[in-house]
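This is what each chain is made of:
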Amino acid sequence: MSDSDVEMDEAASHAAALKRLKSKDPDFYEFLHENEKDLLNFEEGEEDESDEEDVDEDEEVDEEEEPEAITPKKFLAVKEQVRDIPTAKLCRDLISSFKIVVRQTDGLNNKVDLSKSDFFNDIIKLCLIDLVPALYKVLNLSASDGKKRVDPTKSKAWKKIQKSVKGYLIDILKMISIMKESSLLIPILKHVVHLIPFYSVSKPLTRNLLKKAISLWSGEEETIRVLSLIIIVRSTKKLPKEYHGKILKEMYFAYIKNTKFTSPSTWPMINFMKRSLTEIYSLNPEIAYEHAFIYIRQMSIHLRNAITIKQKEALQTVYNWQYMHCILLWSHLLCRLVEHEPLKTLIYPLVQTTIGVINLIPTEKYIPLRFHLVKALMHISESTGIFIPVLPLILDVLKIVDYNKKSHFSVRPVDFSCALKVTKSQQQEAGFKDSCIFELCSFVVDYLKCYSNSIGFPELALPVVMQFKSFMKQCKVSKYNQQLKTVLSKIEENSLFISERRKSVSFSIADNGQVKKWEEDVHSEGTPLMQFKKESRKVVEVVMDMPPKKKKKSSK
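This structure is a prediction, so every number in the text was calculated from the model and none was measured.

J.: I tried to follow unusual backbone geometry on my own but got confused; where do I start?
T.: With glycine set apart, most residues show a phi of negative sign, and most peptide bonds adopt trans. We note that Asn140 has phi near 60 degrees; this positive angle belongs to a residue other than glycine. Secondary-structure assignment places Asn140 in the loop between helix H6 (119–139) and helix H7 (158–178). Phi at Lys310 is positive, roughly 55 degrees, even though this residue is not glycine.

This is the structure we're talking about:
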């Protein structure tokens with residue numbers, strides 16, 4: 001075949017490959033068409049850089065040569081050269097070989113078969129391990145020390161390998177889409193972390209990388225989630241601030257999407273997303289305020305509709321896991337950024353919305369939901385120092401449930417940790433009431449512990465003391481009375497402790513400075529409730545750490 005015939009055959013093959021790419025991944029093809037048109041012609045004109053300034057004569061010859069894929073025979077020599085004395089041409093040839101691997105993996109290239117030997121994996125390993133150090137040497141770049149940003153475009157040699165590197169970055173994104181197994185995806189993501197300075201050269205490529213990283217960040221495998229988060233944080237910092245809002249919005253929607261179903265297996269993932277999203281928002285307090293304002297307002301509108309319409313559909317827009325996790329996210333964020341004054345103004349509407357949700361359907365069916373939101377309110381109160389009247393919301397559980405009513409036997413207490421409501425059959429079990437009393441006592445101790453050093457603790461704890469005593473007179477179940485009695489004795493002991501310390505006070509109650517110093521001294525000394533909470537936590541830890549009992553072998 002003549003040279004012209006070969007070129008026509010290659011052009012036809014390339015056009016067919018692009019056609020298959022367009023049908024298989026239209027979004028990716030559209031991205032290339034709109035933002036990197038020259039990259040659609042992967043082989044054509046890739047090395048047309050002979051007009052570059054400050055290039056040696058020998059290097060100009062290399063630029064005019066068409067890069068060749070590395071053959072198995074040349075592989076060992078190339079491997080040593082890439083590590084020791086890399087050149088621009090060697091990097092281009094290695095990238096071209098990786099391109100063949102990606103196309104073959106995706107079924108776009110049937111001409112070259114690399115899968116019959118270990119050569120297929122060797123090329124990938126060589127790129128993942130040695131390509132970035134080689135590029136740094138060719139471009140004469142120094143590794144980032146955290147203060148100085150690595151910018152490949154400032155290197156004189158950048159134009160020699162610019163198109164090849166961009167093609168490689170796109171192939172890496174393609175490889176991420178192809179790879180489904182965690183063991184294969186993890187090393188690629190580790191490689192991407194080191195490629196971020198090269199992705200940051202192109203805003204469209206960075207945005208496409210972030211889209212894939214956000215998708216992986218909301219997945220289930222822990223290592224992949226962490227690596228994706230690193231990619232998101234570092235890539236976001238490279239983009240101008242006008243892009244940050246869109247990225248955070250995509251992450252927020254991914255968070256909401258993954259909270260629709262909550263179980264013990266998905267809770268760690270949701271918690272990771274909540275904490276990591278909070279940390280990224282903390283890098284942009286202005287955007288955090290804007291989003292928090294919009295979405296807290298949106299939640300309050302849903303609540304208002306549920307209160308006024310009182311239809312099943314309206315109630316379901318509030319009483320679901322996605323709504324609950326929104327409250328948990330924004331409460332966590334406001335606690336994290338409490339020093340930011342604009343965000344601090346959103347605490348009041350969030351607290352009011354949360355209390356409104358609790359009181360929307362105040363029945364025993366939704367006691368688990370009540371406890372989740374009470375925990376959020378307690379977190380806000382403890383972290384911000386703002387007093388929130390949480391005790392009535394906790395003590396209402398004593399009135400909502402009829403503890404004297406005969407219950408069905410249950411093997412263990414009902415688990416509220418991943419539930420928003422309980423069924424009718426569960427409400428009739430003794431395990432449900434056991435869980436209610438246990439959680440109520442825990443929340444009362446946790447809440448009062450935060451104020452156990454307060455000079456006004458006896459007055460704050462008085463409603464608890466009165467309601468506990470009233471309940472114990474009416475309740476006929478001794479084990480419930482015993483639990484409340486234990487907590488009550490510690491509350492009264494703490495009240496007496498504060499009252500005794502108040503007798504020696506010489507300053508006025510209006511002297512806020514002296515009151516604060518007095519409370520700090522009491523806190524450093526410790527209170528009975530603090531000690532009780534510490535001891536009860538140790539008991540729980542001992543029980544959790546105990547090895548399971550060995551089953552006795554049945555004698556035949």
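J.: Sorry, what's going on with the pattern of salt bridges here?
T.: If charged atoms from side chains of opposite charge come close, those side chains can pair. Tallying each qualifying case throughout the model produces 13 salt bridges. A salt bridge links Lys99 to Asp171, with the shortest nitrogen-to-oxygen separation between them at 3.1 Å. Here Lys99 is found in helix H5 (residues 88–105), whereas its partner Asp171 is found in helix H7, with 72 residues between them in sequence. You can call Lys99 buried: its relative accessible area is 4%.

J.: Looking at this model, I keep getting lost on the nonpolar core. Mind explaining?
T.: The tendency in soluble globular proteins is for nonpolar side chains to be buried as a group. Grouped together as the largest cluster of nonpolar side chains are 162 residues, with contacts concentrated most on Phe198, Trp330, Val357, Val444, Leu448 and Phe468. Sort the elements by how many residues they give to this core and H6 lands first, with 14 residues. Excluding residues within four positions of it along the chain, Phe198 makes contact with Leu135, Tyr136, Leu139, Leu141, Pro152, Trp158, Val165 and Leu169.

J.: I tried to follow helix H23 (residues 457–474) on my own but got confused; where do I start?
T.: What sets the pattern is the α-helix's 3.6 residues per turn: residues three or four places apart point alike. The end-to-end C-alpha distance of H23, which contains 18 residues, comes to 26 Å, matching closely the 26 Å that a straight helix rising 1.5 Å per residue would cover. For H23, the full list of buried residues reads Phe457, Pro458, Leu460, Ala461, Val464, Val465, Phe468 and Phe471.

J.: Explain the environment of Val138 here, please?
T.: Tracing the backbone through its elements, the reader meets Val138 in helix H6. Residues Val138 and Lys89, spaced 49 residues apart in sequence, show a C-alpha to C-alpha distance of 9.9 Å. Apart from the residues within four sequence positions on either side, Val138 is in contact with Pro86, Thr87, Ala88, Cys91, Ala157 and Ile161.

J.: Hey, could you run me through a positive patch on the surface in this one?
T.: Among the surface-exposed residues, Lys203, Arg207, Lys211 and Lys246 lie close enough to one another that they form a single positively charged patch. No other element matches the 3 residues that helix H9 (residues 203–217) contributes to the positive patch. With respect to the helices and strands, Lys246 occurs in helix H11 (residues 244–257). Of the residues examined, Lys246 reaches a relative accessible area of 56% and is grouped as exposed.

J.: Looking at this structure, how should I read the packing of helix H8 (residues 182–199) against helix H10 (residues 222–238)?
T.: Angle between the axes and distance between the axes are the two parameters that describe a pair of packed helices. In the contact formed by H8 and H10, the axes pass within 10 Å of each other and the chain directions differ by 20 degrees. The angle between H8 and H10 falls in the class roughly parallel. The hand of the H8/H10 crossing is left-handed. Across from Ser182, Leu185, Ile186, Leu189, Lys190, Val192, Val193 and Ile196 in H8, the residues of H10 making contact are Thr223, Ile224, Leu227, Ser228, Ile230, Ile231, Arg234, Ser235 and Lys238. Each residue belonging to the contact of H8 with H10 can be placed in one class, and the counts come to 10 nonpolar, 4 polar and 3 charged.

J.: Is there a simple way to think about the packing of helix H12 (residues 267–282) against helix H15 (residues 321–336) in this case?
T.: One way to put it is that H12 packs onto H15 with a least axis distance of 10 Å and a crossing angle of 40 degrees. By the angle class used here, H12 and H15 are oblique. The crossing of H12 and H15 is right-handed. Only Trp321, His325, Leu328, Leu329, Trp330, His332, Leu333 and Arg336 of H15 make contact with H12, whose side of the interface consists of Trp267, Ile270, Lys274, Arg275, Leu277, Thr278, Glu279, Tyr281 and Ser282. Classifying every residue of the contact of H12 with H15 gives 9 nonpolar, 4 polar and 4 charged.

Calculation rules
- Residues numbered from 1 in each chain as written.
- Predicted model: local features only at pLDDT ≥ 70, side-chain atom pairs only at ≥ 80, totals over all residues.
- Heavy atoms only, no water.
- Helix = DSSP H or I, 4+ residues; strand = E, 2+ residues; numbered from the N terminus.
- Salt bridge = Lys/Arg side-chain N within 4 Å of Asp/Glu carboxyl O.
- Buried < 20%, exposed > 50% of the residue type's maximum accessible area, 1.4 Å probe, protein only.
- Core = buried A, V, L, I, M, F, W, Y, C linked by side-chain atoms within 4.5 Å.
- Contact = heavy atoms within 4.5 Å.
- Expected span 1.5 Å × (residues − 1).
- Patch = residues over 30% accessible without salt bridge, like charges linked within 9 Å, V, L, I, M, F, W, Y side chains within 5 Å.
- Areas by Shrake-Rupley, 256 points an atom, 1.4 Å probe, with all protein chains shown as cover.
- Lys, Arg positive; Asp, Glu negative; His and termini not counted.
- Charge placed at Lys NZ, Arg CZ, Asp CG, Glu CD.
- Axes fitted to C-alpha atoms, helices over the stretch in contact; angles between N-to-C directions.
- Parallel < 35°, antiparallel > 145°, perpendicular 65-115°, else oblique.
- Left-handed = near helix turned anticlockwise from the far one by under 90°.
- Nonpolar A, V, L, I, M, F, W, Y, C, P; charged D, E, K, R; others polar.

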